[in-house]
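Spelled out from the first residue to the last, the chains are:
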Amino acid sequence: MDDNNKEGENNMQDCIFCKIIKKEIPSQPVYEDNEILAFKDINPVAPVHILVIPKKHLNSINDLSAQDSEVIGNIFLIIKKLAAELGIADTGYRVVVNTGADGGQQVGHLHYHLIGGKPLGTKIC
Ligand code: AMP
Ligand code: ZN
C-alpha cells in the first residue's frame, strides 16, 4: 500500500465520502444542508444505519479544531432529528465514531454511525 494513502488518512481527492458529497458516486441521502450530509450505510448492521458526515473533509476526530465545534454540535442535532424521523428515538440507538486503526476506522472522512431499530445489547465491543 502507498504509505501516503493509508486507510484512515486518505486525502480529499481519493476520499469516497467526498465523492458522495460531490454526487460523483451514488448514495441514499436522508438529510443534507450546506455543511452536513447523512446517507444510508451501504452495509447496514441494523435496520437503521445512517452515516452523518461534515461536508468539510476531516480525516477523523484527531483533525478537529475549535472552528469545527459548531458543525459537530449541529451533527448531533441532525442525529436527534433523524432518530425521531426514523422512529428510533424512543426505542433507543447508538452513535459510533470509529477513529484510527485500533478504532476500526475504514473510511478516512469523519463520520458518525447512527445505528438502531433493534436491541443492540449492552456491550460496546
Ligand atoms: P468505518 O469502519 O467507521 O470507517 O465505517 C465506514 C462505513 O462506511 C462502513 O459501515 C461502510 O459500510 C460504509 N460505506 C463504505 N462505502 C460506502 C458507500 N459508498 N456508501 C455508503 N456507505 C459506505
Ligand atoms: Zn472526504
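Structure: above.
So, a few notes on the structure that sits alongside this text. (Residues numbered from 1 in each chain as written. Chains lettered and ligands numbered in written order. Predicted model: local features only at pLDDT ≥ 70, side-chain atom pairs only at ≥ 80, totals over all residues. Heavy atoms only, no water.)

The environment of ligand 1 is made up of 16 residues, and the closest members are Asp 41, Asn 98, Gln 106, His 111 and His 113. Here an oxygen atom of ligand 1 sits 2.8 Å away from a polar atom, N or O, in the side chain of Asn 98. One of the backbone nitrogen or oxygen atoms of Val 107 is found 2.9 Å away from an oxygen atom of ligand 1. Taking 500 Å² as the accessible area of ligand 1 by itself, protein coverage stands at 86%. For the shell around ligand 1, the secondary-structure elements that each account for two or more residues are α1 (16–21) and β2 (36–40). With 3 residues, the top contributor of residues to the shell around ligand 1 is α1. Residues of the shell around ligand 1, tallied by class, amount to 7 nonpolar, 7 polar and 2 charged. (Near = heavy atom within 4 Å. Polar contact = N/O pair within 3.5 Å; in protein donor to acceptor, adjacent residues only side chain to side chain. Areas by Shrake-Rupley, 256 points an atom, 1.4 Å probe, with all protein chains shown as cover. Helix = DSSP H or I, 4+ residues; strand = E, 2+ residues; numbered from the N terminus. Nonpolar A, V, L, I, M, F, W, Y, C, P; charged D, E, K, R; others polar.)

To continue, consider unusual backbone geometry. One non-glycine residue, Lys 23, lies in the positive phi region at around 60 degrees. Residue Lys 23 is classed as exposed on the basis of its relative accessible area, which comes to 52%. (Buried < 20%, exposed > 50% of the residue type's maximum accessible area, 1.4 Å probe, protein only.)

Here Asp 63 shows up in the loop between β3 (48–54) and α2 (69–85). The sequence separation of Asp 63 and Gly 100 amounts to 37 residues, and the corresponding C-alpha distance is 11 Å. Excluding residues within four positions of it along the chain, Asp 63 makes contact with Leu 58 and Asp 68. Within the local environment of Asp 63, its side chain forms a polar contact with the backbone nitrogen of Asn 59, the two atoms lying 3.1 Å apart. (Contact = heavy atoms within 4.5 Å.)

Turning next to the coordination of the zinc ion (ligand 2). Looking at the metal site, the zinc ion (ligand 2) is ligated by Cys 15 (SG), Cys 18 (SG), His 57 (ND1) and His 109 (ND1), spaced 2.0 to 2.3 Å from it. Donor residues for the zinc ion (ligand 2) sit on one chain with the sequence pattern C-x2-C-x38-H-x51-H. Taken together, the residues His 57 in the loop between β3 and α2 and His 109 in the loop between β4 (93–96) and β5 (112–116) connect sequence positions 52 residues apart. For the residue pair His 57 and His 109, the accessibility class agrees, reading buried in each case. (Donors = N, O, S within 2.8 Å, 3.2 Å for Na, K, Ca; no water.)

This paragraph deals with the pairing of strand β1 (residues 29–32). Each regular strand carries side chains that alternate between the two faces of the sheet. Relative to β2, β1 runs antiparallel, the two sharing 3 bridges. Residue pairing for β2: Pro 29 is matched across the bridge by Phe 39. (Pairing = 2+ DSSP bridges.)

Our focus in this paragraph is the pairing of β3. Burial analysis of β3 places 7 of its 7 residues in the buried class, the great majority of the element. Burial along β3 is two-sided: the residues Val 48, Ile 50, Val 52 and Pro 54 and His 49, Leu 51 and Ile 53 are all buried. With 5 bridges connecting them, β2 and β3 associate as antiparallel partners. Bridge pairing in β3 links Phe 39 to Leu 51. The pairing of β3 with β5 spans 5 bridges and is antiparallel. Across the sheet, the residue bridging to Ile 50 is Leu 114, located in β5.

Read these as geometric descriptors, not functional statements.
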